[in-house]
Amino acid sequence: LDGTRFFATIEPMHGTTVSFYTQPAPGVKGFWPRTVLDESLKGGHAVVVKDFLGIGSDQIVAGWRAMNPKGVPGVRLYTPPTANATGETSWRVSELSGEAVAIEDIKGADLDGDGDADLVEWSPVARQVVRWHECAADGSLLPAQTLHDQNLEGFQVAGDRSGKGGKADLFLLGGSDKGVLRRY
């Protein structure tokens, strides 16, 4: 967004709307202006902001759990606007799901140590599944690969602590009685 600070939300909690708020210009007081990107989710549950595509501007990824008007839960990538021939701007929306996966949480981190952000999603509904969308050399997110398909209570990502931008760790959590089930 041309270097403007922003944050993204799903509204209301477990809601239908993906929106973002931009920081006002320096010296301007008041609320951060809101922009609505999408009002078609049902049971919106997870949002992450990161430059997954390596374009120098963060994208927004949102996941939802319930059947939306198209009849599926899933994950969408919202790429920031670029000026078209008429000078208007528009956001590009891409479906990442590929299949109906109800999303509990999503995170962005460099899981393979190649210097770009990958996307990790967790679905606790029906099958417990953690899937990874690797960022390809061309900057696109590849179709999801299943990393784990057994019961777990959640997952966390721990970034590279060296400060050199290395590989992040993914921890699959089994709850207070089981601790860390697996580390990637």
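Sequence order as written defines residue numbering, which begins from 1 separately in each chain. Under the rules for a predicted model, residues below a pLDDT of 70 receive no local features and side-chain atom pairs below 80 are neither given nor counted, while totals for whole chains, interfaces and linings still include all residues. To get the side-chain values, all heavy atoms of the structure are used, and hydrogens and water are removed first.

Undergrad: If you had to explain unusual backbone geometry to someone new, which residues and values would you point to?
TA: Note that the residue after E11, namely P12, is joined by a cis bond; omega there is -25°. Secondary structure is summarised from DSSP: a helix means a run of H or I of at least four residues, a strand means a run of E of at least two, and numbering begins at the N terminus for each. Its place among the elements puts P12 in the loop between strand 1 (6-11) and strand 2 (17-22).

Undergrad: Run through the pattern of salt bridges, naming residues and quoting values.
TA: Every case where a carboxyl oxygen of Asp or Glu lies within 4 Å of a side-chain nitrogen of Lys or Arg is listed as a salt bridge. Evaluation of the coordinates by the stated rule reveals 7 salt bridges. Of the charged contacts, one joins E11 and R34 as a salt bridge, the two residues approaching to 2.7 Å between their closest N and O atoms. Taken together, the residues E11 in strand 1 and R34 in strand 3 (residues 34-38) connect sequence positions 23 residues apart. One salt bridge connects R76 with E95, and the closest N-O pair in it is separated by 2.6 Å. Linking R76 in strand 6 (residues 74-83) with E95 in strand 7 (residues 89-95), this pair joins segments that are 19 residues apart in sequence. Assessed through its relative accessible area of 43%, E95 is described here as partly exposed. In the salt-bridge network here, residues are joined through shared partners; they are D38, R76 and E95. Only protein chains enter the area calculation, which uses a 1.4 Å probe; residues under 20% of their type maximum are buried, those over 50% are exposed, and those in between are partly exposed.

Undergrad: Can you tell me about the confidence of the model for the protein chain, naming the residues and giving the values?
TA: A residue's pLDDT is the confidence the predictor assigns to it, expressed on a 0 to 100 scale. Mean pLDDT over the protein chain works out to 82, with 85% of the residues at or above the 70 mark. Considering each helix and strand of the protein chain separately, the mean pLDDT is smallest for strand 14 (residues 180-183), with a value of 76, and largest for strand 2, with 95.

Undergrad: Explain the packing of aromatic side chains to me, using residue names and the numbers behind them.
TA: Each Phe, Tyr or Trp ring (for Trp, its six-membered ring) is paired with any other whose centre lies within 6.5 Å, and the angle between the two planes then decides the class: stacked below 30 degrees, edge-to-face above 60, tilted in between. Tallied over the entire structure, the rule returns 5 aromatic pairs. Aromatic pair F7 and Y21: ring centres 5.1 Å apart, planes at 10°, arrangement stacked. Residue F7 is located in strand 1, and its partner Y21 is located in strand 2; the two are separated by 14 residues in the primary sequence. Aromatic pair F20 and W91: ring centres 5.1 Å apart, planes at 45°, arrangement tilted. Note that F20 is positioned in strand 2 and W91 in strand 7, a separation of 71 residues in sequence. Side by side, F20 and W91 carry an identical accessibility label, which is buried. Three or more aromatic residues joined by ring pairs make a cluster, and in this case those are F6, F20 and W91. The lysine or arginine in question, K107, covers the ring of F155, its NZ or CZ lying 5.4 Å from the ring centre. Two conditions define a charge located above a ring, namely a distance within 6 Å from the ring centre to NZ of Lys or CZ of Arg, and an angle within 35 degrees of the ring normal.

Undergrad: Any chance you could break down the environment of Y184 for me, citing the residues and the numbers?
TA: Looking at where Y184 falls in the secondary structure, it is placed in the segment after strand 14. Between the alpha carbons of Y184 and L170 there is a distance of 5.0 Å; along the sequence they are 14 residues apart.

Undergrad: With reference to specific residues and values, describe the sheet that holds strand 14.
TA: Strands are labelled as partners when DSSP assigns at least two bridges between them. Strand order in the open sheet made by the 3 strands is 12-13-14, with antiparallel pairing throughout. In this open sheet, the two strands that pair with only one neighbour each are strand 12 (154-158) and strand 14. Looking at each pair of strands side by side, their axes are set apart by 25° on average, direction ignored. Strand direction decides the pairing type here: strand 13 (residues 169-173) and strand 14, joined by 3 bridges, are antiparallel. The residue of strand 14 that forms the bridge with F171 is R183. Each axis is a line fitted through C-alpha atoms, and for a helix only the stretch in contact is used; angles between axes span 0 to 180 degrees, taken between their N-to-C directions.

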